[in-house]
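Okay, here's what each chain looks like letter by letter:
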Amino acid sequence: PPGPQPPAGLSVPSSLKPYSARPEKQTRFDAWLESSRTGRPLSWPAAVAAQTRVAEASEFEKVCLLFGRPQHALIAARFTSAGAEFTAKPRDEAADPDELPPPPPPV
């Protein structure tokens with residue numbers, strides 16, 4: 001049956017399975033993403049009420065906006081992986097005062 005259609009081009013990392021504890025909903029989410037990716041109309045299961053379709057479509061879009069690749073990559077770039085090598089100077093090396101940034105201006 002017809003229902004809300006996803007905006008084109010939304011995606012999330014392939015490892016993201018936000019509804020893994022609810023397989024039917026995860027299947028609908030995956031179909032919603034596929035429809036967004038391909039542009040083919042989404043056919044909602046008949047067992048899903050119209051009100052639930054609207055609510056889920058809104059929820060699915062929020063998941064994509066929160067975890068979508070562009071934002072996810074931006075956020076991921078701001079954090080260091082636990083496996084990343086730390087390259088700062090050891091604490092016992094005294095910092096050269098010329099390397100320190102200038103103090104902030106008084107407020």
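The model shown is predicted, which means the values in this text are computed figures rather than measured ones.

J.: Any chance you could explain the overall build of the chain here in plain terms?
T.: Summing up its helical and strand segments, the chain has three helices and zero strands in all. Listing the helices and strands of the chain from first to last along the sequence gives α-α-α. Residues counted as buried form 22% of the 107 residues belonging to the chain. Partitioning the contacts of the chain with sequence separation of at least 6, the portion at a separation of at least 24 is 67%. Just so you have it, the chain exposes about 8,200 Å², and 61% of that area is on carbon and sulfur atoms.

J.: Mind showing me how you'd approach the packing of helix α1 (residues 23-38) against helix α2 (residues 50-67) here?
T.: Interhelical geometry of α1 versus α2 gives an angle of 70 degrees and a closest axis separation of 11 Å. As far as their axial angle goes, α2 and α1 are roughly perpendicular. Crossing hand, α1 versus α2: right-handed. Residues K25, R28, F29, W32 and L33 of α1 form the contact with α2, whose participating residues are E56, A57, E59, F60, E61, V63 and C64.

Criteria and thresholds
- Residues numbered from 1 in each chain as written.
- Predicted model: local features only at pLDDT ≥ 70, side-chain atom pairs only at ≥ 80, totals over all residues.
- Heavy atoms only, no water.
- Helix = DSSP H or I, 4+ residues; strand = E, 2+ residues; numbered from the N terminus.
- Buried < 20%, exposed > 50% of the residue type's maximum accessible area, 1.4 Å probe, protein only.
- Contact = heavy atoms within 4.5 Å.
- Areas by Shrake-Rupley, 256 points an atom, 1.4 Å probe, with all protein chains shown as cover.
- Axes fitted to C-alpha atoms, helices over the stretch in contact; angles between N-to-C directions.
- Parallel < 35°, antiparallel > 145°, perpendicular 65-115°, else oblique.
- Left-handed = near helix turned anticlockwise from the far one by under 90°.

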